[in-house]
Amino acid sequence: MNEPRYPEDVFKTIWLWIGIAFIAMGLLNFIIVFMSAVESAGQEPNINGVIILVIGAMFLIAQSVLRGIASRKKKLHNELLANGAKVTGTVEKVCQQNTVRYAGKYPYIIFYTYDYQGKACHGESHLFWDRPAVAEHDSIAVYANDSGKSTIQL
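Colleague: Outline helix H2 (residues 47-83), listing residues and values.
Modeller: Here H2 is 37 residues long and its end C-alpha atoms lie 53 Å apart, about the 54 Å a rise of 1.5 Å per residue gives. Among the residues of H2, those classed as buried are Gly49, Gly56, Gln63, Leu66, Ala70, His77 and Leu80.

Colleague: So what's going on with the nonpolar core? Which residues, and what values?
Modeller: Of all hydrophobic cores here, the largest spans 15 residues; its most connected members are Ile110, Tyr112, Tyr114, Ile140, Val142 and Ile152. If one sorts the elements of this core by residue count, strand E2 (residues 108-116) sits on top with five residues. Other than its neighbours up to four places away in sequence, tyrosine 114 contacts Val87, Thr88, Gly89, Lys119, Ala120, Cys121, His122, Val142, Ala144, Gly148, Lys149 and Ser150.

Colleague: Give a detailed account of the packing of aromatic side chains, specifying residues and quantitative values.
Modeller: Enumeration according to the criterion identifies four aromatic pairs in this entry. Judged by centre distance (6.0 Å) and plane angle (35°), the rings of tyrosine 112 and tyrosine 114 are tilted. An aromatic cluster of three or more residues is present, and its members are Trp15, Phe22 and Phe59.

Colleague: Give me unusual backbone geometry: which residues, what numbers.
Modeller: Not every positive phi belongs to a glycine, and alanine 103 is a case in point at roughly 55°. Structurally, alanine 103 can be placed in the loop between strand E1 (85-96) and E2. By relative accessible area, alanine 103 is classed as exposed at 53%. With a phi close to 75°, histidine 137 is a non-glycine residue in the positive phi region. If you trace the backbone, histidine 137 turns up in the loop between strand E3 (119-124) and strand E4 (139-144). Residue class for histidine 137 comes out exposed when judged on its relative accessible area of 65%.

The rules behind these values
One numbering rule holds for all chains: residues counted from 1, following each sequence as written. Residues qualify for local features only when their pLDDT is at least 70, as the model is predicted, and side-chain atom pairs are given and counted only at 80 or more; totals for whole chains, interfaces and linings, by contrast, use all residues. The side-chain figures draw on all heavy atoms in the structure; neither hydrogens nor water molecules are used. The way it works is that DSSP assigns letters per residue, a run of H or I at least four long becomes a helix, a run of E at least two long becomes a strand, and they are numbered from the N terminus. Multiplying one less than the number of residues by 1.5 Å gives the expected span of a helix. Burial classes: relative accessible area under 20% of the type maximum marks a residue as buried, over 50% as exposed, and values in between as partly exposed (1.4 Å probe, protein chains only). Here the nonpolar core consists of buried residues drawn from Ala, Val, Leu, Ile, Met, Phe, Trp, Tyr and Cys, with membership extended through side-chain atoms lying within 4.5 Å. Every residue pair with non-hydrogen atoms within 4.5 Å of one another is taken to be in contact. Aromatic rings from Phe, Tyr and Trp, taking only the six-membered ring of Trp, are treated as a pair when their centres fall within 6.5 Å; an angle between ring planes under 30 degrees marks them as stacked, one over 60 as edge-to-face, and anything in between as tilted.

Read these as layout, nothing more, since geometry by itself doesn't imply function.
Below is the structure:
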């Protein structure tokens, strides 16, 4: 199973399917309105279909934005692993994220600190779907750049 690495990966899939459902319902609304002989006296019969289609389009736009954010995060992660300065960091905490659920599992995230160019910096990892084999106060390798971005690789 290809588990998502970022919360945006989870939410983009959800928004995609919700958007598709709304667009399908909007199109079905148009088909049903054209087939029915009775028109509503209170409103234009096609307005419901248009509203539902617009909502579906907004979900698809939100999905595209989330896909772009996730893509940039993946690209930054790979760039930091390839070109980032490798420093030693310390695990602050390993905790389970109860706000994201995928395939019945809750992911873990690692909070860490590291020193880079004389400054103490804090960071957090991407999602881990199995409990990472690190504990608080363990040393880990951190890859950082000059703009303050960092990542870890276990």
